[in-house]
Amino acid sequence: VQLQASGGGLVQAGGSLRLSCAASGGTFSTYGMGWFRQAPGKEREFVAAITWSFGSTYYADSVKGRFTISRDNAKNTVYLQMNSLKPEDTAIYYCATNRDLSSDSRHYDYWGQGTQVTVSS
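Caption draft 1: Spatial organisation of unusual backbone geometry. Positive phi is not limited to glycine here, since Asn76 has a value of about 55°. Relative to the helices and strands, Asn76 resides in the loop between strand S7 (67–72) and strand S8 (77–82).

Here it is as structure tokens:
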């Protein structure tokens, strides 16, 4: 499975971005998907996840109410809509496939290359 993340960029605080993660080489509709992020000098942290079947979602407390994860199985793509962005959201964002709705990166098997999100104050 190959994952290609895109949509990152530079945005002012309070702005919005939508990240996309396109999957290929596997049966996308059978994978759960998630987003993680890693800021400079910090550990990679969980952001959001979505199941493959009913689209159940799970968010980190730090993004709940601001970020929305969704998927389009017909397009083999998962999205992360990010609203009300804050400078502390600045990080490289990674998408990954998971085996269950988990915030533990050990439950994720395939990872994309990451896309940079920078939020200026």
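Caption draft 2: A look at the state of the cysteines. Counted under the stated rule, the structure contains one disulfide. Through a disulfide, Cys21 is tied to Cys95; the S-S separation comes to 2.0 Å. Taking the sign of the torsion about the S-S bond as the criterion, the disulfide between Cys21 and Cys95, at about 65°, is right-handed. In this pair, Cys21 is assigned in strand S3 (residues 17–24) and Cys95 in strand S9 (residues 91–98), connecting sequence segments 74 residues apart. Judged on exposure class, the residue Cys21 and its partner Cys95 are both buried.

Criteria and thresholds
Residues numbered from 1 in each chain as written. Predicted model: local features only at pLDDT ≥ 70, side-chain atom pairs only at ≥ 80, totals over all residues. Heavy atoms only, no water. Helix = DSSP H or I, 4+ residues; strand = E, 2+ residues; numbered from the N terminus. Disulfide = S-S within 2.5 Å. Buried < 20%, exposed > 50% of the residue type's maximum accessible area, 1.4 Å probe, protein only.

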